[in-house]
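Below are the chains, spelled out letter by letter.
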Amino acid sequence: QVQLVESGGGLVQAGGSLRLSCAASGRTFSSYAMGWFRQAPGKEREFVAAISWSGGSTYYADSVKGRFTISRDNAKNTVYLQMNSLKPEDTAVYYCAAGVVVMSEPRRRSKYDYWGQGTQVTVSS
């Protein structure tokens, strides 16, 4: 069992930056690949980024590539999402997720076993 708690969301102006954190409970954090998804009002939850258990592989949605960076610290049981050059269309609730067999299809929500409650990110124009 893994529990995930996101933090770091907030209100930022377009062009600004935020860093989201996702703290995981449990001693098996390093066994899980981790992902970030987001959901804007009236839209489906969409993939943002994923990272393998070791941190050696990362994947990004085209919409955030070059602006967002996913990373993890297994010693701290934490995964991060550094978001730069934020745009109003990045406004959403951001969720972190954990899964064992993820990296073959990191964009597929059904690959993830555990989800956090989400943190709101609002980007003003």
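The preceding data block contains the structure.
Residues numbered from 1 in each chain as written. Predicted model: local features only at pLDDT ≥ 70, side-chain atom pairs only at ≥ 80, totals over all residues. Heavy atoms only, no water.

Engineer: Is there a simple way to explain the packing of aromatic side chains in this structure?
Structural biologist: Two measures describe an aromatic ring pair: the distance that separates the ring centres and the angle between the ring planes. As enumerated under the stated definition, the model contains five aromatic pairs in all. On the numbers, 5.9 Å between centres and 75° between planes, the contact of Y32 with Y114 is edge-to-face. Taken as a pair, Y32 in the loop between β3 (18-24) and β4 (33-39) and Y114 in strand β10 (residues 114-115) lie far apart in primary sequence, 82 residues in all. The exposure class assigned to Y32 is buried, which follows from its relative accessible area of 10%. An aromatic cluster is built from F37, F47, Y112 and W115, whose rings are joined through pairwise contacts. In this arrangement the basic side chain of R45 is found over the ring face of W115, its NZ or CZ atom lying 5.1 Å from the centre. (Phe/Tyr/Trp six-rings, centres within 6.5 Å; stacked < 30°, edge-to-face > 60°. Helix = DSSP H or I, 4+ residues; strand = E, 2+ residues; numbered from the N terminus. Buried < 20%, exposed > 50% of the residue type's maximum accessible area, 1.4 Å probe, protein only. Lys NZ or Arg CZ within 6 Å of the ring centre and 35° of its normal.)

Engineer: What am I meant to see in the pairing of strand β11 (residues 119-124) here?
Structural biologist: If a strand is regular, its side chains alternate between the two faces of the sheet. Residues T119, V121 and V123 of β11 are buried on one face, while the alternating residues Q120, T122 and S124, pointing to the opposite face, are not. Across three bridges, the pairing between strand β9 (residues 92-99) and β11 is antiparallel. Of the residues in β11, the one forming a bridge with A92 is V121. (Pairing = 2+ DSSP bridges.)

Engineer: In this structure, what is going on with the state of the cysteines? I would like to understand it.
Structural biologist: By definition, a disulfide links two cysteine residues through a covalent bond between their sulfur atoms. Under the definition given, this model contains one disulfide. A sulfur-sulfur distance of 1.9 Å marks the disulfide that ties C22 to C96. Its S-S torsion of about 45° marks the bond between C22 and C96 as right-handed, since a negative value means left-handed. With a gap of 74 residues between them, C22 in strand β3 and C96 in strand β9 connect regions that are remote in the sequence. For the pair shown, C22 and C96 are each scored as buried. (Disulfide = S-S within 2.5 Å.)

Engineer: Before we go on, may I ask you to explain unusual backbone geometry in this structure?
Structural biologist: Phi is mostly negative for residues that are not glycine, and the peptide bonds are mostly trans. You will see that N77, though not glycine, has its phi angle at about 55°, which is positive. Locating N77 in the fold gives a position in the loop between β7 (68-73) and β8 (78-83). Of the residues examined, N77 reaches a relative accessible area of 19% and is grouped as buried. A positive phi angle is found at S85, which is not glycine, with a value near 50°.

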